[in-house]
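Overview (structure and organization)
One letter stands for each residue in the lines below.
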Amino acid sequence: MAEENKNFQLEIITPDRVFYKGEASMVEFTSVDGEMGIYKHHIPLTTVLAPGIVTITEPEGKKEAAVHAGFVQILGDKVTFLAEIAEWPEEIDVARAEAARARAEERLRGHGEEIDVTRAEIALKKALVRIDAKK
């Protein structure tokens with residue numbers, strides 16, 4: 001009996017480009033409900049994407065990217081990310097990410113009534129994801 005192809009189609013789409021399109025045997029990412037790992041024939045599901053590292057396991061090896069906010073649609077043989085932002089590590093400006101982290105931490109430390117705490121927390125998470133993706 002022939003072995004079944006374990007790969008599925010994966011697309012990561014942002015407002016300005018098709019970030020990734022190819023075959024993967026697994027994709028790992030962070031949803032608002034926690035870490036998820038998806039293989040072919042996963043139950044159909046739509047979930048909310050949280051800022052984090054997406055790990056794509058291709059036949060040639062693994063790739064990682066920083067992905068920020070959006071939705072993930074999981075079907076039996078296709079997974080589609082609709083993401084606000086997706087970046088390969090080489091596209092990330094670490095100095096800019098470090099400056100964004102410092103600004104967000106400062107806002108959270110000394111926040112007053114005028115500071116949007118949720119927005120500062122999201123900015124901090126995005127900066128930390130970018131820094132982590134670059135490592």
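Above this text is the structure in question.
Attention in this report is confined to the structure presented alongside it. (Residues numbered from 1 in each chain as written. Predicted model: local features only at pLDDT ≥ 70, side-chain atom pairs only at ≥ 80, totals over all residues. Heavy atoms only, no water.)

Comments concerning the overall build of the protein
- Each helix and strand in the protein was counted, giving two helices and eight strands.
- Each helix (α) and strand (β) of the protein, taken in turn from the N terminus, gives the series β-β-β-β-β-β-β-β-α-α.
- Along the three orthogonal principal directions, the C-alpha set of the protein runs to about 65 × 30 × 25 Å.
- Across the protein, contacts joining residues at least 24 apart in sequence account for 52% of those joining residues at least 6 apart.
- A total of about 8100 Å² of accessible surface is found on the protein, and carbon and sulfur atoms cover 52% of it.
- The positive charge centre, built from 18 side chains, and the negative charge centre, built from 25, are 3 Å apart in the protein. (Helix = DSSP H or I, 4+ residues; strand = E, 2+ residues; numbered from the N terminus. Contact = heavy atoms within 4.5 Å. Areas by Shrake-Rupley, 256 points an atom, 1.4 Å probe, with all protein chains shown as cover. Lys, Arg positive; Asp, Glu negative; His and termini not counted. Charge placed at Lys NZ, Arg CZ, Asp CG, Glu CD.)

Considerations on the layout of surface pockets
- Taken as a whole, the largest pocket encloses approximately 330 Å³ of empty space.
- Together, 14 residues line the largest pocket, and Arg96, Ala97, Ala100, Arg103 and Arg130 are the ones closest to its centre.
- At five residues, helix α1 (residues 94-109) tops the list of elements feeding residues into the lining of the largest pocket.
- The residue makeup of the lining of the largest pocket, split by class, is six nonpolar, no polar and eight charged. (1 Å grid on protein atoms, 1.4 Å probe; cavity = no way out; pocket = protein on both sides within 12 Å on 5 of 7 lines; lining within 4 Å. Points joined across faces, edges and corners; volume = space filled by probe spheres on them. Nonpolar A, V, L, I, M, F, W, Y, C, P; charged D, E, K, R; others polar.)

Points about the side chain of threonine 14
- With respect to the secondary-structure elements, threonine 14 resides in strand β1 (residues 8-14).
- A residue is classified by how much of its surface remains accessible, and threonine 14, at 7% relative accessible area, is buried.
- Not counting the four nearest positions on each side in its chain, threonine 14 is found in contact with Phe19, Ala83, Glu84, Ile85 and Ala86. (Buried < 20%, exposed > 50% of the residue type's maximum accessible area, 1.4 Å probe, protein only.)

Digging into a nonpolar patch on the surface
- Residues Val32, Val48, Phe71 and Leu82 make up a contiguous nonpolar surface patch of about 360 Å² in total accessible area.
- Structurally, leucine 82 is set in strand β8 (residues 78-87).
- Given a relative accessible area of 46%, leucine 82 falls into the partly exposed group. (Patch = residues over 30% accessible without salt bridge, like charges linked within 9 Å, V, L, I, M, F, W, Y side chains within 5 Å. Salt bridge = Lys/Arg side-chain N within 4 Å of Asp/Glu carboxyl O.)

Description of the nonpolar core
- Of all hydrophobic cores here, the largest spans 22 residues; its most connected members are Leu10, Val27, Phe29, Ile56, Val79 and Phe81.
- Every element with two or more residues in this core is listed here: β1, β2 (17-24), β3 (26-31), β4 (34-38), β6 (52-58), β7 (61-75) and β8.
- In contact with valine 27, not counting residues within four places along its chain, are Phe8, Leu10, Met36, Gly37, Ile38, Val54, Thr55, Ile56, Val79 and Phe81. (Core = buried A, V, L, I, M, F, W, Y, C linked by side-chain atoms within 4.5 Å.)

Some thoughts on a positive patch on the surface
- Where like charges cluster on the molecular surface, the positive patch consists of Arg96, Arg103, Arg107 and Arg119.
- Counting residues per element, the positive patch draws most heavily on α1, which supplies three residues.
- Mapped onto the elements of the fold, arginine 96 is located in helix α1.

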